[in-house]
Amino acid sequence: MSDQPMTYARYLALDELLAAQKPLSDRHDEVLFIVIHQTKELWLKEIIHEVKLARRLIAAGDLEPAYKALARVSRIQTIMTLSWDVLATMTPADYLSFRGSLGTSSGFQSHQFRELEYLLGLKDESFLRFHAERPAALADLKAALEAPSLYDLAIAQLAARGLSVPEAVLKRDVSQTYAPSPAVEDAWLEVYRDTKGHWELYQLAEKLVDLDDALLTWRHKHVLTVERIIGGRPGTGGTEGVGYLARTLTRRAFPELWSLRTRL
């Protein structure tokens, strides 16, 4: 341990942090592009930290303490969505002036974003192949893929508190994509129809909807920003770009919490 007094710069490892932006071109806007994406990765790190805490608390039946972690995630998601407005100050000409330097790199390859999706229950094993060259990242992804998601644990709490949930749902293969269940919707509907009797579950459900809402808002703003900057061009990582991103807008991490609203 160093005998030097702790300073702001040392505590935050500022020398390393501020040296982590390494543009590959001499174009002015590339620094903005790097900073925006590195900042998003830092926020994703904190979101994952909070979601893992919420999972542990919910698994233990401590729903109220989980609300704080989930609320914090929603606030961070708001900041991440607003950051697209900063990136949108970069014009198509600005971006195209250094786009070639990116090669085949793409936000599509963000292992932290995929880990977050897995933690929420949006599981797709096909994304693992993009991280074969990074063993630690791949291990994190596999762990999240094979563990019960935040939604799996919330559904388990429905059963733990006396609501009817099919055994097939409770014992499903959690590494697979979750399929909406009419019986799970019925259980959540009972919660929403008797909020006083199921107050903790009701509050948990609304915190989960906040997360899903914020994620969808982030995705929508992402689509608009990409379309504004590159139009219908293919993405740098080989995806079709805006077309692929637009299809993600239909995804719901907690589907029954949306569908039950029609029946209230």
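Residues numbered from 1 in each chain as written. Predicted model: local features only at pLDDT ≥ 70, side-chain atom pairs only at ≥ 80, totals over all residues. Heavy atoms only, no water.

### A few points about empty space enclosed by the protein
Enumeration over the complete set of coordinates arrives at one cavity of 30 Å³ or more. Of the pockets and cavities examined, the largest cavity occupies roughly 70 Å³. Taken together, Leu44, Ile47, Gln77, Met80, Phe113, Leu116, Ala214, Leu215 and Trp218 form the lining of the largest cavity. Taken together, the elements giving at least two residues each to the lining of the largest cavity come down to helix H3 (29–59), helix H4 (63–87), helix H6 (111–120) and helix H11 (199–230). (1 Å grid on protein atoms, 1.4 Å probe; cavity = no way out; pocket = protein on both sides within 12 Å on 5 of 7 lines; lining within 4 Å. Points joined across faces, edges and corners; volume = space filled by probe spheres on them. Helix = DSSP H or I, 4+ residues; strand = E, 2+ residues; numbered from the N terminus.)

### Topic: the nonpolar core
In terms of nonpolar packing, the biggest core is built from 71 residues, with Leu120, Leu150, Tyr151, Trp188, Leu208, Phe254 and Leu257 touching the most fellow members. Counting residues per element, the ones that place at least two in this core are H3, H4, H6, helix H7 (135–146), helix H8 (150–160), helix H10 (182–193), H11 and helix H12 (242–247). The element contributing the most residues to this core is H11, with twelve residues. Look past the residues within four positions of Leu150 in its chain and what remains in contact with it is Val51, Ala54, Arg55, Ile58, Leu70, Leu119, Leu120, Leu208, Leu211 and Phe254. (Core = buried A, V, L, I, M, F, W, Y, C linked by side-chain atoms within 4.5 Å. Buried < 20%, exposed > 50% of the residue type's maximum accessible area, 1.4 Å probe, protein only. Contact = heavy atoms within 4.5 Å.)

### Thoughts on the layout of surface pockets
Volume-wise, the largest pocket comes out at about 1,300 Å³. As for the largest pocket, its lining consists of 50 residues, of which Phe33, His37, Ser106, Gly107 and Phe108 are closest to the centre. Breaking the lining of the largest pocket down by element, the ones donating at least two residues are H3, H4, H6, H11 and H12. Within the lining of the largest pocket, the residues separate by chemical class into 21 nonpolar, 18 polar and eleven charged. Approximately 170 Å³ is the volume found for the second largest pocket. Lining the second largest pocket are Leu17, Leu18, Ala20, Gln21, Val35, Gln38, Thr39, Glu41 and Leu42. (Nonpolar A, V, L, I, M, F, W, Y, C, P; charged D, E, K, R; others polar.)

### Points about the packing of H3 against H8
In contact at an axis separation of 9 Å, H3 and H8 are set at 20 degrees when each is read in the N-to-C sense. Classed by the angle they form, the pair H3 and H8 counts as roughly parallel. Between H3 and H8 lies a crossing of left-handed hand. Two secondary-structure elements touch here, H3 through Val51, Ala54, Arg55, Ile58 and Ala59 and H8 through Leu150, Leu153, Ala154 and Gln157. Residue classes in the contact of H3 with H8 are distributed as seven nonpolar, one polar and one charged. (Axes fitted to C-alpha atoms, helices over the stretch in contact; angles between N-to-C directions. Parallel < 35°, antiparallel > 145°, perpendicular 65-115°, else oblique. Left-handed = near helix turned anticlockwise from the far one by under 90°.)

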